[in-house]
Amino acid sequence: MAIRLRIKLSSMMGRTTVTKALVTTGYETQEPEVLIPRGVAEDLNLLPKLPSGSEVRNYVLADGTVTRLILIPNAVQVWVLENDREVGGITAHVAVSDRADEVLLSDKLVSRLGIVLLDIGEGVWCFRDEIGRTVRRSL
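The text that follows walks through the structure, step by step, so that each part is easy to find. Note that the coordinates shown come from a computational prediction; the quantities given were computed from them, not determined experimentally.

For the chain, the count of helices and strands is 2 helices and 10 strands. Helices and strands appear in the chain in the N-to-C order β-β-β-α-β-β-β-β-α-β-β-β. Relative to a compact globule of 139 residues, whose C-alpha radius of gyration would be 14 Å, the chain shows 15 Å and is just as compact. With respect to the principal axes defined by its C-alpha atoms, the chain has extents near 45 × 35 × 25 Å. For the chain, buried positions account for 45% of its 139 residues. Across the chain, every contact between residues at least 6 apart in sequence was considered, and the portion connecting residues at least 24 apart equals 58%. When the accessible surface of the chain is summed, it comes to about 7500 Å², and 46% of that surface belongs to carbon and sulfur atoms. Between the mean site of the 17 positive side-chain charges and the mean site of the 18 negative ones, the chain shows a separation of 4 Å.

Pasting the structure below:
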């Protein structure tokens, strides 16, 4: 099992969407970043016309292959949506992928959102301020 959360993305273009996102420790970045499929980028009005400052970058995947993604700096704010609370408003860069089929949260974004992975294999997590008191489960 993996950890998937319900998130809200609000773009600098004034659009908002709610979707599921995969939490992964293998997506390492220097700044908070979210990888989204092209369809989500279009829903957020980030494509087809790219915001200024966007660029195409090479990303090295876990298997060593290189893929090219569109990077849009500071393009969204990200929230985690749970039944009892909404956490976030974290500004993040967006990497747009033509091949992705789900949203991925980078390690730095997971950290800024205060998400603590308790048992990845069982899909168990909590927010940092809930350690020892609350256990949450993946979608």
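Having seen it, we continue.
Below, the discussion takes up the pairing of strand β8 (residues 115-119). If a strand is regular, its side chains alternate between the two faces of the sheet. Bridging between β8 and strand β9 (residues 124-127) involves 4 bridges; their strand directions are antiparallel. In the sheet register, aspartate 119 faces β9, and the bridge partner there is valine 124. Between the antiparallel neighbours β8 and β9 lie 4 residues, among them glycine 123 with a positive phi of about 70°.

Summarising burial for strand β3 (residues 33-37): 5 of the 5 residues are buried, a large majority. Residues of β3 alternate between two faces, with Glu33, Leu35 and Pro37 on one and Val34 and Ile36 on the opposite face, all of them buried. Strand direction decides the pairing type here: β3 and strand β6 (residues 86-97), joined by 5 bridges, are parallel. The partner of glutamate 33 across the bridge, within β6, is histidine 93. Across 2 bridges, β3 lies against strand β7 (residues 103-105) in antiparallel orientation.

Read across the open sheet, the 3 strands follow the order β8-β9-β10; overall the sheet is antiparallel. Either end of the sheet is taken by a strand with one partner, and the two such strands are β8 and β10 (136-137). As judged from the 2 bridges shared by β9 and β10, these two strands associate in the antiparallel manner. The residue of β10 that forms the bridge with valine 124 is arginine 137.

All right, on to the pattern of salt bridges then. According to the stated counting rule, one finds 11 salt bridges in the structure shown. One salt bridge in this structure joins arginine 4 and glutamate 102, with 2.8 Å as the shortest N-O distance. Taken together, the residues arginine 4 in strand β1 (residues 3-11) and glutamate 102 in the loop between β6 and β7 connect sequence positions 98 residues apart. On the basis of relative accessible area, arginine 4 is assigned to the partly exposed category, the value being 25%. Among the residues examined, glutamate 102 registers a relative accessible area of 24% and is labelled partly exposed. The residue arginine 136 makes a salt bridge to glutamate 130 at a minimum N-O spacing of 2.5 Å. Each member of the pair, arginine 136 as well as glutamate 130, carries the same accessibility label: buried. Here the residues in one salt-bridge network are Glu82, Asp84, Arg85, Asp129, Glu130 and Arg136, joined through shared partners.

Quick notes on the rules
- Residues numbered from 1 in each chain as written.
- Predicted model: local features only at pLDDT ≥ 70, side-chain atom pairs only at ≥ 80, totals over all residues.
- Heavy atoms only, no water.
- Helix = DSSP H or I, 4+ residues; strand = E, 2+ residues; numbered from the N terminus.
- Rg over C-alpha atoms; globule rule 2.2 N^0.38 Å.
- Buried < 20%, exposed > 50% of the residue type's maximum accessible area, 1.4 Å probe, protein only.
- Contact = heavy atoms within 4.5 Å.
- Areas by Shrake-Rupley, 256 points an atom, 1.4 Å probe, with all protein chains shown as cover.
- Lys, Arg positive; Asp, Glu negative; His and termini not counted.
- Charge placed at Lys NZ, Arg CZ, Asp CG, Glu CD.
- Pairing = 2+ DSSP bridges.
- Salt bridge = Lys/Arg side-chain N within 4 Å of Asp/Glu carboxyl O.

Remember that the coordinates give geometry; whether it matters functionally is a separate question.
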